[in-house]
Amino acid sequence: LVAKDPPVSAARPLLVDILLDQDKVDAAEDIVQKGLASNPESGDLHRLKGDVDYRKGDLKSASSEYAKAAKMNSKDARALYGTARVASALSLNQTAFLLYRLASRLAPHDEAIVGAFTRNAATDQEQADALERYLASLDRDGRRRYQWLVARMELRKFLDGRRTWQLASPYQPSKVRL
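What counts and what doesn't
Residues numbered from 1 in each chain as written. Predicted model: local features only at pLDDT ≥ 70, side-chain atom pairs only at ≥ 80, totals over all residues. Heavy atoms only, no water. Axes fitted to C-alpha atoms, helices over the stretch in contact; angles between N-to-C directions. Helix = DSSP H or I, 4+ residues; strand = E, 2+ residues; numbered from the N terminus. Parallel < 35°, antiparallel > 145°, perpendicular 65-115°, else oblique. Left-handed = near helix turned anticlockwise from the far one by under 90°. Contact = heavy atoms within 4.5 Å. Nonpolar A, V, L, I, M, F, W, Y, C, P; charged D, E, K, R; others polar. Buried < 20%, exposed > 50% of the residue type's maximum accessible area, 1.4 Å probe, protein only. Phe/Tyr/Trp six-rings, centres within 6.5 Å; stacked < 30°, edge-to-face > 60°. Lys NZ or Arg CZ within 6 Å of the ring centre and 35° of its normal.

A. Representation of the packing of helix 4 (residues 59-72) against helix 5 (residues 77-89) within the structure. Where helix 4 meets helix 5, the closest approach of the two axes is 8 Å, and the angle between their N-to-C directions is 155 degrees. Relative to helix 5, the element helix 4 is oriented roughly antiparallel. Handedness of the crossing formed by helix 4 with helix 5: left-handed. Between helix 4, through Leu59, Ala62, Ser63, Tyr66, Ala69 and Ala70, and helix 5, the contact on the second element is made entirely by Ala79, Gly82, Thr83, Arg85, Val86 and Ala89. Partitioned by chemical class, the residues of the contact of helix 4 with helix 5 number 8 nonpolar, 3 polar and 1 charged.

Right under this line is the structure:
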């Protein structure tokens with residue numbers, strides 16, 4: 001449908017996302033390449049090309065495509081999210097955190113972006129704020145996911161900044177990972 005009818009090119013991002021979710025990376029790449037051939041100045045297509053390259057493991061090319069997309073549209077949260085994923089894959093954790101934070105501010109209702117930011121949040125308060133923004137935007141269709149997020153937010157409030165990743169017993173001095 002997208003290949004036959006150029007006005008339906010607005011469906012390209014959705015189709016590419018679906019194909020990537022189904023691990024059909026080659027089919028997604030074909031659609032993106034055709035789109036870039038007809039419209040090389042599209043930031044969305046460069047971002048999608050970055051997504052395809054990321055899935056193929058070509059981090060250098062993915063980073064370049066995300067940078068092109070961000071240059072064409074500085075408010076593209078998905079391009080920043082892609083760049084953050086590349087930074088995270090390269091163990092540039094501070095850079096990834098800053099990019100996730102910026103992307104979550106640009107798209108506070110995007111589940112993938114908010115999820116990545118909350119996993120990488122520097123402080124408990126930032127994580128709680130991001131979860132509250134996300135929960136406020138949810139309709140209650142995804143009941144299990146919604147309940148999990150509420151439980152996680154309540155746990156963070158209960159722990160109030162306490163470290164929970166190690167338990168040390170006075171009877172056995174070795175640390176136990178939780």
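B. Seen up close, unusual backbone geometry. Positive phi, close to 60 degrees, is recorded for Asp23, a residue that is not glycine. Inspection of the secondary structure assignment puts Asp23 in the loop between helix 1 (12-21) and helix 2 (25-38). Taking relative accessible area as the criterion, Asp23 reaches 56% and is therefore assigned exposed.

C. Structural detail: the packing of helix 3 (residues 43-56) against helix 4. Put simply, helix 3 and helix 4 touch, their axes get as near as 8 Å, and they point 160 degrees apart. With respect to their mutual orientation, helix 3 and helix 4 come out roughly antiparallel. Between helix 3 and helix 4 lies a crossing whose hand is left-handed. Seen from helix 3, the contacting residues are Gly43, His46, Arg47, Lys49, Gly50, Asp51, Asp53 and Tyr54; seen from helix 4, they are Leu59, Ser61, Ala62, Glu65, Tyr66, Lys68, Ala69 and Met72.

D. Seen up close, the packing of aromatic side chains. Enumeration over the complete set of coordinates arrives at 2 aromatic pairs. Between Tyr81 and Tyr100, the ring centres sit 6.1 Å apart and the planes meet at 50 degrees, which makes this aromatic pair tilted. Separated by 19 residues along the polypeptide, Tyr81 in helix 5 and Tyr100 in helix 6 (residues 93-106) bring together distant segments of the chain. Overall, Tyr81 belongs to the buried group, its relative accessible area being 10%. You can call Tyr100 buried: its relative accessible area is 5%. Between the aromatic rings of Phe97 and Phe117, the centroid separation amounts to 6.1 Å while the plane-to-plane angle is 20 degrees, which identifies the pairing as stacked. With Phe97 in helix 6 and Phe117 in helix 7 (residues 111-120), the pair connects residues that are 20 residues apart, well separated along the chain. Judged by its relative accessible area of 7%, Phe97 falls in the buried class. The ring of Tyr54 carries Arg85 above its face, with NZ or CZ at 4.1 Å from the centroid.

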